[in-house]
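Structural description and commentary
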Amino acid sequence: MNDIISGIKQRRFGISVGMLLVLLAGTLAVLCHEAFGAHQVFWANDVPMAAVVESSARLPSSFFGSWADFYWLGGPNAAFPPNLTNISAAILTPTLQYKVYPPGTMLFLGFAAWFFFRQLRLSTLACVIGGLGAGLNMHFFSNACWGLGQWEVCCAMIFIALGILVSPSIKKLWIRGALAGLSVGMAVMEGNDVGAIMSLYVAIFVVFLFLSSESNPAKGLGKAFYVGAVLVLCAFLISLSTISTLIGTQLTGTASVGQSKADQLEAWDRNTQWSIPKIETLRMIIPGLFGYRLDVYTTSGSPEAYYWGSVAEDPHVVELESSDAVTRSNASVALHLPQQIINYMAADDNAPAADIKAKFNATPDELKGVQQQIVDKVKGLGFQLRHTGSGEYTGVLVCLLAIFGLASTARRKNSPFNKKERRMVWFWGAVALLSLMTAWGRYGFLYSLVYHMPLLASFRNPQKYMHPLNISMMILAAYGLEVLSRQYLSSAAKGVESFFQQLWQGWKRASVFEVCWAAGCAVFFLAAVIGYFKLASSKPALIEYLMHNRFSDTDAPQIANFAVAEVAWFLIYLLVSMIVIFCILAGSFSGRRAVWAGLILAAIMACDLGRSDRPWVRYYDYTQTMSPNPLTDLLKKDPWEHRVNSRSWPEGGYMTPNLTLQCHWWLENDYPFNDIESLEIDQMPRMPVLDGEYLNHFVPTSEDNLLPMTRLWQLCNTRYILAGAEWEDKLNKAGVPPNSFRPVMRMNLVPKPGVATPRDGGDMTVQTNNDGPVILYEFTAALPRVKLFADWQVLDNPTGLQMLSSPVFDPARTVVVSKDTPITQTPGSPGADPGTVKISHYQSKHLVMDVDAKTPAVLLLNDRTGANWHVLVDDKPAPFLTCNYIMQGTFVPAGHHTVEFKYQPPLNLLMVSLATFGLGLVLAGFVIASNWGKELEEPSAASESAPPPPPAAP
């Protein structure tokens, strides 16, 4: 057992990986124990279970192309490539997938980190404890709980690629490059832009690896180029279908393509919104210092753990809250705020109250009213105050070991590392520092340099650079563990049996490095204690700050108390970790006691990270959360015949503020779960130019001019509107023709049976009530999903768009056909009866219609146009038309016809990816079979570095 922990004599694969799986799987099973309950599934924000259940996303059909029809007007969705996530989704039921996927991705990440450390020939202690720290890392765990487990699989594949590159068991360079490239390609297939970012780090590592391992720089560069070329080729081939889809949906035809310098500067605020403020770097070592989840995503009813930092805060909010009166005043003027607020912003904070009162003639009570006006105005402008779905805690022990590993490279006498290893540690230290500075985004200078590099401006969210930062910290921590294993745990103590005698004797003969390390830890701990008491004594000021930042006077004290308590927990784990490392350095755990060092380190890692990970875990009973109600029962009947909407503009605010959270919940959960289609745009980070130009013609300017809004609904088959009762008169006056909105259901929003305190929209349901404040309106003038037109006009796009938004244009009588898809037939009379059309079969990628045309007509399908759509009329190809600027259509002659619209992306790129995937499995199987049963080589440090110090003795 001692040999298992020390990692010096034990080299058997099975026991090492078994220890990791027992420790990591056991901890994850305790954290996610709710998954064992019936109908319990993991809550996810970005990819909720309903988004997988929704018909257009179902596998395996989505492997061959996906057209998302459940929001906006439909559109090509991101590819469903044959990656690990989608393969598991195709095999497992949605319920089982959402029970095991988040902890499963963390288990895979821990194993992948273990694999990399194993290929570096690190000790079993470093491999197992390092893998445990990776599998419980809060940054990755919180992302998995947010619904982004693909990012964890992506980073796991990067670990595997790094392990393949350094593996001494794979002798042929081209095999290393090929397998590493396939892993990187899989990372791109999983993580998309995260995979692209991580692939750049792998490319840099390849250059470093061969330059540092070859004495001849030219030879090293040659090998790096050779392996890099094979890596890039294989990564490109396996991820070809994903890259093609990403280019088609995220770059081509979007406003982010071909950005000029002016465009990049204009998009700076938006693209750097998710930056890590420098002060919040402390979240890496103190998990709950700034809270955990946002108030709307909390896992409990207690507000103490609400996130109160400033990640994703709009820069205008910072300007309005600046300590400089001039900055506040200028921002107020630029935002066209009311004059009273401008006067308030121009007031000097340090001036006496009488001077401030005289400056804009307000009493102290009126000042509070003005402050509330500012808050309301900022919210009304749509500025985001804060938003984060991830934690950034790396772990006290992980950080301590990482710094210890870095510091150990400074030792020249009795160095634990050889030259190659020392350079490796320096490399990952530099990667960690640069990644952190890049993650600061707008709060640091480095991202402004990265931002102007080709294509990198298209990568939103500097916070994504926390992925390579955390990977680097894990690697550095593994090297720190390796130092402890090689120099302090592998040697047997002689002549001393007492733990405390060994501790005393060890520190009596301590080296200069060990003394400096102990002194540095003591100073840091003292500084941390001082910081704790300073924070505790400043609690009233913190409460005032929280109230200023829009937390209530009842929530703010609880949040402040929680922050202070989290610092106390940090001090406890820091002290325990330091003491254990001190004892290891003294030799108290050497020899037979080494097993206890490994168990204690594992316990600290599991308890610390497990405690901090727990607030991110959130399960729910999907049969209760998405149980039917009268609203969804009505809307899910033939849902392809209509769209529903709750917003004044698809990307804008909700019409009734009190319904905001509820309607947003339905949009992401109940609607897709029941295949209900909505006009609202939930997330579209890169708006296509076509959609942006179309939408900008229908922006409602005020509540007195709602024609643009209602015209958009009319054109987009939006038959149902969910809003408050106060909108009935406004809508009927604004609609064309008037009185086109009629209530079809009045309701109250009430908690579901058995729910005392609702946590979110899933705990609310609908109760019909003839006097209810919420109304589902039917817009009787909305165009049907499919319609025949005997009259049409062929116009260029700008002219056609102007006509569509004109009050005198009647969309029910005339359709606009784009000149880009001309029609040669002459239109008939505007008053002629074109006939009827009905959808007989509906799938997002395949629609069949029965048409009885009384005259030659244009068939309008109110779905977004796009590439790879094809039309068949009576099984014969027909012209595909672009109608009403953005919709689909075709021409049908008089008579009875069967019309089919099919979405058929080319499969040749998918076939290339599948073939490469298969060849990769064959190549990996060959490598595994070739090395099966072979024992790993001894760690190379002993032959290339000075021998370890002699065992401690009395």
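Up top is the structure.
Just so it is clear, the structure is predicted and the values come from calculations on it, not from any experiment. (Residues numbered from 1 in each chain as written. Predicted model: local features only at pLDDT ≥ 70, side-chain atom pairs only at ≥ 80, totals over all residues. Heavy atoms only, no water.)

**Focus on the overall build of the chain**
When you go through the chain residue by residue, the secondary structure sums to 38 helices and 20 strands. Counting across all 954 residues of the chain, residues that qualify as buried make up 56%. Long-range pairs, those at least 24 residues apart, make up 77% of the contacts in the chain with a sequence separation of at least 6. (Helix = DSSP H or I, 4+ residues; strand = E, 2+ residues; numbered from the N terminus. Buried < 20%, exposed > 50% of the residue type's maximum accessible area, 1.4 Å probe, protein only. Contact = heavy atoms within 4.5 Å.)

**Focus: the sheet that holds strand β6 (residues 718-724)**
Whether parallel or antiparallel, the strands of a sheet pair through hydrogen bonds between backbone atoms. Read across the open sheet, the five strands follow the order β5-β6-β9-β7-β8; overall the sheet is mixed. Two strands in the sheet have a free side with no partner beyond their single neighbour: β5 (643-645) and β8 (764-768). Mean inter-strand twist for the sheet, computed between neighbouring axes without regard to direction, equals 30°. Relative to the sheet, helix α34 (residues 707-715) contacts β5, β6, β7 (741-751) and β9 (774-779), its axis offset from that of β9 by approximately 65°. (Pairing = 2+ DSSP bridges. Axes fitted to C-alpha atoms, helices over the stretch in contact; angles between N-to-C directions.)

**Thoughts on the sheet that holds strand β16 (residues 869-873)**
Spatial strand order, β13-β14-β20-β16-β17: five strands in an open sheet with antiparallel pairing. Only two strands of the sheet have a single partner each, and these edge strands are β13 (835-843) and β17 (876-878). Across this sheet, the average inter-strand angle for adjacent strands is 30°, counted without regard to direction. As judged from the five bridges shared by β16 and strand β20 (residues 895-903), these two strands associate in the antiparallel manner. Counted as the bridge partner of Leu872 is Glu900 from β20.

**Some details on the packing of aromatic side chains**
What describes a pair of aromatic rings is the distance from one ring centre to the other and the angle between the planes of the rings. Under the counting rule described, the total for this entry stands at 33 aromatic pairs. Seen from their ring centres, Phe116 and Phe159 are 6.1 Å apart, and the 40° between their planes marks the pair as tilted. Of this pair, Phe116 sits in helix α5 (residues 94-119) while Phe159 sits in helix α8 (residues 149-166); the two residues are 43 residues apart in sequence, bridging distant segments of the chain. Overall, Phe116 belongs to the buried group, its relative accessible area being 0%. When its relative accessible area of 0% is taken as the criterion, Phe159 is described as buried. Measuring from ring centre to ring centre gives 6.2 Å for Trp308 and Tyr545, while their planes differ by 75°; the resulting arrangement is edge-to-face. A residue pair is termed long-range when its members are at least 10 positions apart, and Trp308 in the loop between α14 (268-271) and α15 (315-320) and Tyr545 in helix α26 (residues 539-548) qualify at 237 residues. For Tyr545, a relative accessible area of 40% puts it in the partly exposed group. (Phe/Tyr/Trp six-rings, centres within 6.5 Å; stacked < 30°, edge-to-face > 60°.)

**A closer look at helix α16 (residues 325-334)**
Regarding α16, the residues found buried are Ala325, Arg328, Ser329, Ala331 and Ser332. Projection of α16 onto a plane perpendicular to its axis shows the buried side chains occupying an angular sector of 165°, all on one side. Seen from the buried face of α16, the exposed residues on the opposite side, beyond 90 degrees, are Val326 and Ala334. (Arc of directions from axis to C-beta.)

**What about a nonpolar patch on the surface?**
A cluster of nonpolar side chains, contributed by Phe64, Leu907, Met911 and Leu914, occupies part of the molecular surface with about 340 Å² of accessible area. Structurally, Met911 can be placed in helix α37 (residues 908-931). Judged by its relative accessible area of 42%, Met911 is partly exposed. (Patch = residues over 30% accessible without salt bridge, like charges linked within 9 Å, V, L, I, M, F, W, Y side chains within 5 Å. Areas by Shrake-Rupley, 256 points an atom, 1.4 Å probe, with all protein chains shown as cover. Salt bridge = Lys/Arg side-chain N within 4 Å of Asp/Glu carboxyl O.)

**Brief notes about the environment of Ala187**
Within the secondary structure, Ala187 sits in helix α9 (residues 173-191). In sequence terms Ala187 and Cys155 are 32 residues apart; their C-alpha atoms lie 6.8 Å from each other.

**Digging into the pattern of salt bridges**
Applying the stated rule across the entire model yields 19 salt bridges. Arg58 is the salt-bridge partner of Asp675, the closest N and O atoms lying 3.8 Å from each other. Of this pair, Asp675 sits in the loop between α32 (670-673) and α33 (689-695) while Arg58 sits in the loop between α3 (49-53) and β2 (67-68), and the two are 617 residues apart along the sequence. Here Arg618 makes a salt bridge to Asp760, at a shortest N to O gap of 1.8 Å. Residue Arg618 is located in the loop between α28 (594-613) and β4 (619-621), and its partner Asp760 is located in the loop between β7 and β8; the two are separated by 142 residues in the primary sequence. Like Asp760, Arg618 is buried.

**Quick notes on helix α6 (residues 124-135)**
In this model α6 runs 16 Å from its N-terminal to its C-terminal C-alpha over twelve residues, within 8% of the 16 Å that 1.5 Å per residue would give. Judged by how many residues are buried, α6 sits mostly within the fold: twelve of twelve residues are covered. (Expected span 1.5 Å × (residues − 1).)

**Looking at the environment of Lys420**
Here Lys420 is to be found in helix α21 (residues 419-439). Once you skip the residues sitting within four places of it in the chain, Lys420 turns out to touch Ser212 and Ser213.

**Some details on unusual backbone geometry**
Phi at Asn192 takes a positive value of approximately 55°, unusual for a residue other than glycine. Considering the arrangement of structural elements, one finds Asn192 in the loop between α9 and α10 (193-213). Positive phi, normally seen in glycine, also occurs at Asp638, with a value near 45°. As for its placement among the helices and strands, Asp638 is situated in the loop between α30 (630-635) and β5.

**Re the packing of α5 against helix α7 (residues 138-146)**
With their axes 9 Å apart at the nearest point, α5 and α7 run at an angle of 150° to one another. Taken together, α5 and α7 sit at an angle that is classed as roughly antiparallel. Once α5 is placed against α7, the crossing between them reads as right-handed. Where α5 approaches α7, its residues Pro102, Thr105, Met106 and Leu109 are matched on the opposing element by Phe140, Phe141 and Ala144. Residue composition of the contact of α5 with α7, by class: six nonpolar, one polar and no charged. (Parallel < 35°, antiparallel > 145°, perpendicular 65-115°, else oblique. Left-handed = near helix turned anticlockwise from the far one by under 90°. Nonpolar A, V, L, I, M, F, W, Y, C, P; charged D, E, K, R; others polar.)

**Re the packing of α9 against α37**
Direction vectors running N to C along α9 and α37 enclose 130°, while the axes themselves pass 10 Å from each other. The orientation of α9 relative to α37 falls into the category oblique. Here α9 and α37 pass one another in a crossing that is left-handed. Where α9 approaches α37, its residues Trp174, Ile175, Ala178, Leu179, Leu182 and Met186 are matched on the opposing element by Thr916, Phe917, Gly920, Leu923, Ala924 and Val927. Residue composition of the contact of α9 with α37, by class: ten nonpolar, two polar and no charged.

**Description of the pairing of strand β11 (residues 791-795)**
Strand direction decides the pairing type here: β11 and strand β12 (residues 814-818), joined by five bridges, are parallel. Across the sheet, Val794 pairs through a bridge with Val817, a residue of β12. As for the winding sense of the linkage, the β-α-β connection from β11 through helix α36 (residues 797-804) to β12 is right-handed. (Right-handed = clockwise from strand over helix to strand, strands pointing away.)

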